[in-house]
2 protein chains.
Amino acid sequence: MTKRKENSTNSINREYITTNCDAIYTVCKISGRWKMKIIYTLSTYETLRFNELRDHIQGITDRMLTLQLKELEADSLVVRKVFPEVPPRVEYSLTDITKELLPIWPALEQWAEKHRALVSEDNEE
Amino acid sequence: MTKRKENSTNSINREYITTNCDAIYTVCKISGRWKMKIIYTLSTYETLRFNELRDHIQGITDRMLTLQLKELEADSLVVRKVFPEVPPRVEYSLTDITKELLPIWPALEQWAEKHRALVSEDNEE
DNA sequence: CGGGATCCGATCTGATACTG
DNA sequence: CAGTATCAGATCGGATCCCG
């Protein structure tokens, strides 16, 4: 029984996802405190350096950005490109497979709006 | 600053989701160790009692089923219907808004397949 | 600049036992 | 049947300091 591979920062991104429902697999890959935000940010800016990425993501710490980027890279969701320069320069961007995930975003956003509307209705009066 | 409302079993389902990316909101609602599995199961069986649900979800404990169902109910994703009988009888089903989420499932599943194919390629040789 | 290492509290989850 | 209560361990996330 292999334990976990590395330090995962994701609560459901574990090996026990042997469900017959593959949708869970996908959501697991993007579940993580900052992953969707990172993906979203990279999708709008194409390529960003570490500090740029951090500056675009309110509230994230270096540590978490590092960890989440590592996981995303390990999962082939993000590409890390190192330029052998001084000072060092590292650029992050989305992989093609991740870009294929972006068309789903609007559907998720629309559902969020609908759901929010419903819930606030319930809370009125 | 309101803290958390209840016991959330979800690591990213917190109040700090004030991102400009609503897709995160949606994923948060279904992120949780067993939530998607519960939704998936209820989507195929329409209505299930507590024990039935548990029997369909391999590995879940009563405790976790209770907790996740509570959160799903609080978020209006699941309906809990109690029949005043002896022995007690409780039926769970999806809300309409949750059913509107199901059309997204196939896209997520297809991405999972693609991604898995890519990753296994990388691992070969 | 782009991280890594460490510490530690907050959170999540499982096991077990119990109940109206 | 449909849960609840309690405890312990695993995991996560933030803060802080350090480095080539």
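For clarity, every value in this text was computed on a predicted model and none was experimentally measured.

### Digging into the interface of chain A and chain B
The interface of chain A with chain B comprises 39 residues on the first partner and 39 residues on the second. Summed over both partners, the interface of chain A with chain B comes to about 3900 Å²; 67% of that surface belongs to carbon and sulfur atoms. Looking at the side of chain A facing chain B, the largest losses of area belong to Tyr25(A), Ile97(A) and Trp111(A), adding up to 18% of the total buried there. Taken together, the connections running from chain A to chain B amount to four salt bridges. A salt bridge links Glu100(B) to Lys114(A); the nearest nitrogen and oxygen atoms lie 2.3 Å apart. At the boundary of chain A and chain B, one finds 15 residue pairs in polar contact (both at pLDDT 80 or more). Those elements that place two or more of their residues in the side of chain A that touches chain B are α1 (22–30), α2 (35–45) and α6 (105–123) of chain A. Tallying contributions element by element places α6(A) first for the side of chain A that touches chain B, with twelve residues.

### A few points about the relation of the copies chain A and chain B
The two chain copies are related to each other by a rotation about an axis together with a translation along it. You can overlay chain A on chain B at an RMSD of 0.0 Å; the transform is a turn of 180° with a shift of 0.0 Å along its axis. Taken together, these values place the two copies in the relation of a two-fold axis. Both copies present the same face, since 100% of the interface residues in chain A are matched by interface residues at the equivalent positions in chain B.

### Quick notes on the sheet that holds strand β3 (residues 89–94) of chain B
Residue and element names in this part refer to chain B. The three strands lie next to each other as β1-β3-β2, forming an open sheet whose pairing is antiparallel. Every other strand in the sheet has two partners, leaving β1 (47–49) and β2 (78–83) as the edge strands with one partner each. The sheet shows a mean angle of 30° between the axes of neighbouring strands, direction not considered. Where β1 meets β3, three bridges bridge the pair, whose relative direction is antiparallel. Bridge assignment links Arg49 to a residue of β3, and that residue is Glu91.

### Structural notes on the side chain of His115(A)
With respect to the helices and strands, His115(A) occurs in helix α6. Filtering out sequence-adjacent residues up to four positions away, His115(A) remains in contact with Tyr25(B), Lys29(B), Asp75(B), Ser76(B), Leu77(B) and Ile97(B).

### Thoughts on the UniProt feature "domain: HTH hxlR-type" (unreviewed entry) in chain A
Mapped onto this structure's residue numbering, the UniProt feature "domain: HTH hxlR-type" (unreviewed entry) falls at residues 21–120 of chain A. In residues 21–120 of chain A, helix accounts for 60% and strand for 15%; the two terminal C-alpha atoms are 31 Å from one another.

### Here's the deal with the sheet that holds strand β3 (residues 89–94) of chain A
Residue and element names in this part refer to chain A. With antiparallel pairing, three strands are arranged side by side in an open sheet as β1-β3-β2. Here the strands that pair on one side only, and so sit at the sheet edges, are β1 (47–49) and β2 (78–83). The sheet shows a mean angle of 30° between the axes of neighbouring strands, taken without regard to direction. Contacting β1, β2 and β3, α2 runs over the sheet at an angle of about 95° to β3.

### Regarding the pattern of salt bridges
When their charged atoms lie close together, side chains carrying opposite charge are able to pair. Evaluation of the coordinates by the stated rule reveals 16 salt bridges over all chains. Between Asp55(A) and Arg54(A) there is a salt bridge; the shortest N-O distance is 3.8 Å. Take Asp55(A): its relative accessible area is 59%, and that puts it in the exposed class. Salt-bridge contacts for Glu91(B) lead to Arg89(B); the nearest nitrogen and oxygen are separated by 2.8 Å. Overlapping salt bridges bring together Arg54(A), Asp55(A) and Asp62(A) as one network.

About the criteria used
- Residues numbered from 1 in each chain as written.
- Chains lettered and ligands numbered in written order.
- Predicted model: local features only at pLDDT ≥ 70, side-chain atom pairs only at ≥ 80, totals over all residues.
- Heavy atoms only, no water.
- Contact = heavy atoms within 4.5 Å.
- Buried area = accessible area lost by both parts, 1.4 Å probe.
- Salt bridge = Lys/Arg side-chain N within 4 Å of Asp/Glu carboxyl O.
- Polar contact = N/O pair within 3.5 Å; in protein donor to acceptor, adjacent residues only side chain to side chain.
- Helix = DSSP H or I, 4+ residues; strand = E, 2+ residues; numbered from the N terminus.
- Least-squares fit on C-alpha atoms with pLDDT ≥ 70 in both.
- Pairing = 2+ DSSP bridges.
- Axes fitted to C-alpha atoms, helices over the stretch in contact; angles between N-to-C directions.
- UniProt positions renumbered as here; feature names shortened; annotations may be inferred.
- Buried < 20%, exposed > 50% of the residue type's maximum accessible area, 1.4 Å probe, protein only.

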